[in-house]
Amino acid sequence: MRCPYCGGDETQVKDSRPTEDNTAIRRRRVCNTCAGRFTTFERVQLRELMVLKRSGRRVPFDREKLMRSVQIAVRKRPVEPERIERMVSGIVRQLESSGESDITAETIGNHVMEGLKGIDDVAYVRFASVYKNFREAKDFEALLDELSGPEQQMLDET
């Protein structure tokens, strides 16, 4: 493992333990060159996933990018980090077990929206507004109408 501080190739594992959800191994490392300490995470990867972008480009799937986008959506919301981690891990497992190596960005976005809908309505709307590229207030209205469901529509009609 290359040291993030000096770029040295000689590092040593000082401590290993599973993460709280047992989906990864957390390793504390020390660089033999500069004595810098850092943490790495090791996860099982069933297959190499590629994301097909709307532009037609293919890029490697990046779990951390997925995690960052979800964290932005739930920022300042009362959502436990463990819940976010479980949701992201579940999405990655679904993608890996789909049998496909090429996954569309739309598929990933739909999985995230489905997961956020069950966690926090505000985070769901935040993510949807960026993902679906909302341009006007009526875009939000349509999503909120969809989110309120049939019971709210029945109340509105009476």
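Each value, and the rule that gives it
Residues numbered from 1 in each chain as written. Predicted model: local features only at pLDDT ≥ 70, side-chain atom pairs only at ≥ 80, totals over all residues. Heavy atoms only, no water. UniProt positions renumbered as here; feature names shortened; annotations may be inferred. Pairing = 2+ DSSP bridges. Helix = DSSP H or I, 4+ residues; strand = E, 2+ residues; numbered from the N terminus. Axes fitted to C-alpha atoms, helices over the stretch in contact; angles between N-to-C directions. Left-handed = near helix turned anticlockwise from the far one by under 90°. Contact = heavy atoms within 4.5 Å. Nonpolar A, V, L, I, M, F, W, Y, C, P; charged D, E, K, R; others polar. pLDDT = per-residue confidence, 0-100. Expected span 1.5 Å × (residues − 1). Buried < 20%, exposed > 50% of the residue type's maximum accessible area, 1.4 Å probe, protein only. Salt bridge = Lys/Arg side-chain N within 4 Å of Asp/Glu carboxyl O.

- In the annotation of an unreviewed UniProt entry, the entry for the protein chain reads Transcriptional repressor NrdR, and the organism field reads Roseibium aggregatum.
- One UniProt comment on the protein chain, placed under Function (unreviewed entry), says "Negatively regulates transcription of bacterial ribonucleotide reductase nrd genes and operons by binding to NrdR-boxes."
- Here is the UniProt Sequence similarities (unreviewed entry) comment for the protein chain, exactly as written: "Belongs to the NrdR family."

So, the pairing of strand 2 (residues 24-31)
Item 1. In terms of strand pairing, strand 1 (residues 11-18) meets strand 2 through seven bridges, oriented antiparallel. The residue of strand 2 that forms the bridge with Pro 18 is Ile 25.
Item 2. Hairpin connection, strand 1 to strand 2: the antiparallel pair is bridged by five residues, and Asn 22 has positive phi, about 55°.
Item 3. Of the pairings in the sheet, the one linking strand 2 to strand 3 (residues 37-43) comprises seven bridges and is antiparallel in character. Within strand 3, the residue paired with Arg 28 across the bridge is Thr 39.

Overview of the sheet that holds strand 5 (residues 58-60)
Item 1. Overall, mixed pairing links the three strands, which are arranged 5-4-6 in an open sheet. Two strands close off the open sheet at either side, each with one partner strand: strand 5 and strand 6 (102-104). For this sheet, the mean angle separating the axes of adjacent strands, direction not counted, is 35°.
Item 2. Where strand 4 (residues 50-52) lies against strand 5, three bridges are found, and the strand directions are antiparallel. Looking at the pairing, Leu 52 lines up with Arg 58 of strand 5.

Re the packing of helix 2 (residues 81-97) against helix 3 (residues 105-119)
Item 1. The interhelical angle for the contact between helix 2 and helix 3, taken along N-to-C directions, is 145°, at an axis separation of 10 Å. Taken as a pair, helix 2 and helix 3 cross one another with a handedness that is right-handed. From helix 2, Arg 83, Met 87, Ile 91, Gln 94 and Leu 95 reach across to helix 3, where they touch Thr 107, Ile 108, His 111, Val 112, Gly 115, Leu 116, Gly 118 and Ile 119.
Item 2. Each residue belonging to the contact of helix 2 with helix 3 can be placed in one class, and the counts come to seven nonpolar, five polar and one charged.

Things to note about the confidence of the model for the protein chain
Item 1. Residues at a pLDDT of 70 or more form 88% of the protein chain, whose mean pLDDT is 84.
Item 2. When pLDDT is averaged over each element of the protein chain, strand 5 comes out on top at 93 and helix 5 (residues 137-157) at the bottom at 61.
Item 3. Here residues 152-158 scores under 50 on pLDDT; set against residues more than four positions off or in separate chains, the count is one contact.

A closer look at helix 3
Item 1. Between its first and last C-alpha atoms helix 3 spans 21 Å; for 15 residues at 1.5 Å apiece the expected length is 21 Å, and the two agree.
Item 2. Those residues of helix 3 lying buried are Ile 108, Gly 109, His 111, Val 112, Met 113, Leu 116 and Ile 119.
Item 3. Buried-residue contacts for helix 3 involve strand 4, helix 1 (63-74), helix 2, strand 6 and helix 4 (121-131).

Comments concerning the pattern of salt bridges
Item 1. The full count for this structure, using the stated rule, is six salt bridges.
Item 2. Across the pair Arg 58 and Asp 102 runs a salt bridge, and its minimum N-O distance is 2.8 Å. Note that Arg 58 is positioned in strand 5 and Asp 102 in strand 6, a separation of 44 residues in sequence.
Item 3. By relative accessible area, Asp 102 is classed as partly exposed at 32%.
Item 4. For Asp 120, the salt bridge identified is with Arg 77, shortest N-O distance 2.9 Å. Residue Asp 120 is found in the loop between helix 3 and helix 4, and its partner Arg 77 is found in the loop between helix 1 and helix 2; the two are separated by 43 residues along the sequence.

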